[in-house]
Every structure is written in structure tokens, then in C-alpha cells.
Amino acid sequence: MYIAHTIADLRNHLARFTRPAFVPTMGNLHDGHIALVKQAKTLGDVTVASIFINRLQFLPHEDFDTYPRTWDADCAQLEAAGCNVLFAPDEKVLYPEPQTYKVHPPAALADILEGHFRPGFFIGVSTVVIKLFSCVFGSTPGGVAVFGKKDYQQLMIIRHMVRQFALPIDIVAGETQRAPDGLALSSRNGYLSESERVEAVQLSLALKQLVRDAHDANAELAARLPELEARAMSKLTKRGWVPDYLTVRRQPDLQPPQAGDALVALGAARIGSTRLIDNLEVA
Ligand code: PAF
């Protein structure tokens, strides 16, 4: 695996390829990331991953400083998955001066759900992603980037951004990988204590129930949704969680659904000091 630490080195190395398949990450890799890398291997002529912990997407009280930095293990996993190129810039490479030009995704998509509880989060994500795209695809005709459905709102926003800026990059979604009990794999699962880890699956179970309830509500979905969401949140609260939201939205733009829309249930909740997110698409 070729490791590039500078933009010039990365672009120079990738210039001979026509369709890089790219998986951006913040490191602390788990099987969910590795599944995305393996998917990327089927999509392009060179597979590229990045590891960059992006300060811009963390709020001041969030875990930027303590976010696990697991370089050796990450490299070993990427090598084993057959990743060809790793881009690992340090902060001075990606942000040599304060990043005053930023991508502001539309409020209707980015200030709801995660964006409501983490103001500015998607500005940070969109800004770093467009910059990483410029680094990875800057010397090629374009390519493909793979984003996990686990971060569903992020995936929708990046798709929208790529479409609006007419970037020559296909955005491909990777399925959420789950532990045998159903917990969605996440870098933040490592923060859970043993008992919290056992409890953690309840978030995905609550989303499953919410999907069933939404299905049963059928034509009355829009009217009954507040009651169904409140019930789902209250069940988690009684188990000791602090939910931010559990909701059902229509798939592409995450707006409140009408009967007949393709739906997705999304949730975010804190167990102890760990905030978990998950979602479930309804076919
Ligand atoms: O999903 C993530 O890990 C991050 O938001 C991303 C896309 C790597 C941008 O920092």
C-alpha cells in the first residue's frame, strides 16, 4: 500500500489511473470501514482510503482530542483488505491556513436531525469531503467514492453536493455492517462499557419497532408520526437513554413523509456518555 502524506504526492501517484475508488475515513477502522474498502475495490482501477480526523466537524465540547488514533492497526487492516493507496495528511497539509471558504449545505437538509443537534457538523463534513475529493480526483478524470449508509444524512448531503457542483464523482452507498446482536458498527462503540455495550442494541430495536408502527399507520402516517416517535423515545428514556431524536423521514431528502413515500427511520441517542446513531431503510 502506497502512503501519501502530501496532496502533491497523492495527485502525482494517482495521475496514471482513470477511476480511483475512494473511501474517506477518520481512522479507528472497524469492519464497517473495511467492507467499504472491499466494495471500493470492485468499482475503480485503484482503491484509495484516507485517514484524517477533521477538526472542522467537531463541536468544541466533542471528542476531537480524544478521538482514537490507531495508525498501526488501521494500516494493517487496509493492507489486508487490499487498499492500494492511503492518503494521510496532517492538519497543516489539509488546512495550511484557516479554512475560511466553507461549503454550507442547504439548511433544509443539513440543519435537521444530526445538524440540529450538532450545529455546523455538515459544514465541516462537506468542506473536508470536497477538499479530499480535490486531492484524490485532482489528477484523474473523476472516479467513485463510497460512503456508508450508517451516516445516512451525511450520504444524502454528499450526494446532493456532488450533483449540485457537477463533480465527476459517482457516490456509491455501502450497507451498514452490524454486530451479531444487530448493533451498527461504529468507531464510537469502543467508548461503551460492558453493560452499555449489551444495552446498545436497543437503539436499532427501537428503530425496527418504529418502522413497524409506521407501516401499520399506513395512510395516517403523517398524522400519527409525532405520537409514534414520542413512544419510541419514551421507551429508550425509560431504559436510561437520552434520545436526541427517533423519527421516520422520506428517503432522499429526509423531509416528513407522506403515505406512499420510501421511508427511513433514523435515531440518535446517548447511553452513558456515548452518543450512538443508527437508521433503517424501509424498502
Ligand atoms: O464519515 C466519516 O468518517 C467522516 O465524516 C468523513 C466522511 C471521513 C469526513 O471527515
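Reading the values: the criteria
- Within each chain, residues carry numbers counting from 1 in the order of the written sequence.
- In keeping with the predicted nature of the model, local features appear solely for residues at pLDDT of at least 70, side-chain atom pairs appear and are counted solely at 80 or more, and the whole-chain, interface and lining totals rest on all residues.
- To obtain the side-chain values, all non-hydrogen atoms of the structure were included, while hydrogens and water were left out.
- Criterion used throughout: strands pair if DSSP finds at least two bridges between them.
- Numbering of helices and strands runs from the N terminus; a helix is a DSSP stretch of H or I covering at least four residues, while a strand is a stretch of E covering at least two.
- In this analysis an axis means a line fitted to C-alpha atoms, helices contributing only their contacting stretch, and an angle means the value between N-to-C directions, from 0 to 180 degrees.
- By definition in these notes, contact holds between two residues if any of their heavy atoms fall within 4.5 Å.
- When we say a residue is near a molecule or strand, we mean one of its heavy atoms is within 4 Å of it.
- Think of a polar contact as two N or O atoms within 3.5 Å of one another; within protein, one of them needs to be a possible hydrogen donor and the other a possible acceptor, and neighboring residues in sequence only count if both atoms come from side chains.
- Only the protein chains shown count as cover for residues, and the accessible areas themselves come from Shrake-Rupley with a 1.4 Å probe.
- For this scheme, ten residues count as nonpolar: Ala, Val, Leu, Ile, Met, Phe, Trp, Tyr, Cys and Pro. Four count as charged, namely Asp, Glu, Lys and Arg, and the remainder, Gly too, count as polar.
- Aromatic rings from Phe, Tyr and Trp, with only the six-membered ring used for Trp, were paired whenever their centres fell within 6.5 Å, and each pair was classed as stacked if the ring planes differed by under 30 degrees, edge-to-face if by over 60, and tilted otherwise.
- The buried label applies to any residue whose accessible area, calculated with a 1.4 Å probe on protein chains only, is under 20% of its type's maximum; exposed applies above 50%, and partly exposed to all values in between.
- Nonpolar cores were defined as sets of buried Ala, Val, Leu, Ile, Met, Phe, Trp, Tyr and Cys residues, with membership established by side-chain atoms within 4.5 Å.
- A pairing counts as a salt bridge when a side-chain nitrogen of Lys or Arg comes within 4 Å of a carboxyl oxygen of Asp or Glu.

Further remarks concern the sheet that holds strand S9 (residues 274-282). With respect to topology, 3 strands assemble into an open sheet ordered S7-S8-S9, the strand pairing being antiparallel. Two strands bound the open sheet, and with one partner strand each, they are strand S7 (242-250) and S9. Ignoring which end each strand starts from, the neighbouring axes of this sheet average 10 degrees apart. Each of S7 and strand S8 (263-271) is contacted by helix H11 (residues 221-238), which is oriented at about 150 degrees to S7, the strand it contacts most.

So, on to the site of the ligand. Every residue close to the ligand is listed here: Pro24, Thr25, Met26, Asn54, Gln57, Val125, Val128, Phe147, Asp151 and Gln154. Taking Gln57, its side chain carries an N or O atom lying 2.7 Å from an oxygen atom of the ligand. Separating an oxygen atom of the ligand from a side-chain N or O atom of Gln154 is a distance of 2.7 Å. Burial of the ligand by the surrounding chains reaches 89%, relative to a free accessible area of 290 Å². Where the shell around the ligand is concerned, the elements lending two or more residues are strand S2 (20-25) and helix H7 (121-137). The residue inventory of the shell around the ligand, partitioned by class, reads 5 nonpolar, 4 polar and 1 charged.

Before going further, it helps to spend a moment on the packing of aromatic side chains. Within this structure, the stated rule accounts for 9 aromatic pairs. Geometrically, the ring pair formed by Phe52 and Tyr95 is edge-to-face, given 5.8 Å between the ring centres and 65 degrees between the ring planes. Of this pair, Phe52 sits in the loop between strand S3 (46-51) and helix H3 (71-81) while Tyr95 is found in the loop between helix H4 (91-94) and helix H5 (107-110), placing the two residues 43 residues apart along the sequence. Considered together, Phe52 and Tyr95 belong to a single accessibility category, that of buried residues. Between Phe133 and Phe147 the ring centres are 6.3 Å apart and the planes differ by 80 degrees, which places this aromatic pair in the edge-to-face class. Of this pair, Phe133 sits in helix H7 while Phe147 sits in strand S5 (residues 143-148), and the two are 14 residues apart along the sequence. Here Phe133 matches Phe147 in class, with each residue buried.

Strand order in this open sheet of 6 strands is S1-S4-S3-S2-S5-S6, and the pairing throughout is parallel. Where the open sheet ends on each side, the last strands, each with one partner, are strand S1 (2-4) and strand S6 (169-174). Between one strand axis and the next, the sheet turns through 25 degrees on average, direction left out of account. Of the strand pairs in this sheet, S1 and strand S4 (residues 85-87) are connected by 3 bridges, and their pairing is parallel.

In this section: the nonpolar core. Of all hydrophobic cores here, the largest spans 44 residues; its most connected members are Phe133, Ile158, Ile171 and Leu254. Take this core: its biggest share by element is 10 residues, from H7. Core analysis: the next-biggest nonpolar cluster, separate from the first, contains 25 residues, Ala200, Val211, Trp241 and Leu280 among them.

A few words on the pattern of salt bridges. Following the criterion strictly, the structure yields 16 salt bridges and no others. With its nearest N and O atoms 2.8 Å apart, the salt bridge here joins Arg275 to Glu114. Pair noted here: Arg275 is in strand S9 and Glu114 is in helix H6 (residues 114-117), with a separation of 161 residues, a long-range link. With a shortest N-O distance of 2.8 Å, Glu175 and Lys149 are connected by a salt bridge. Taken as a pair, Glu175 in the loop between S6 and helix H9 (194-199) and Lys149 in the loop between S5 and helix H8 (152-164) lie far apart in primary sequence, 26 residues in all. Taking relative accessible area as the criterion, Lys149 reaches 15% and is therefore assigned buried. In the salt-bridge network here, residues are joined through shared partners; they are Glu62, Glu114, Arg118, Asp244 and Arg275.

Relative to the helices and strands, Ile123 resides in helix H7. Exposure remark for Ile123: the relative accessible area of 23% places this residue in the partly exposed category. Sequence spacing of Ile123 and Gln57 is 66 residues, and the spatial spacing of their C-alpha atoms is 7.2 Å. Ignoring sequence-local partners within four residues, the contact set of Ile123 consists of Lys102, Val103, His104 and Pro105.

A few words now on the environment of Leu155. Tracing the backbone through its elements, the reader meets Leu155 in helix H8. Excluding its chain neighbours within four sequence positions, the residues that come into contact with Leu155 are Phe147, Gly148, Lys149, Ile171 and Ala173.

Along helix H2 (residues 31-41), the residues classified as buried are Gly32, His33, Ile34, Leu36, Val37 and Ala40. Next to the buried residues of H2 lie S2, S3, H3, S5 and S6.

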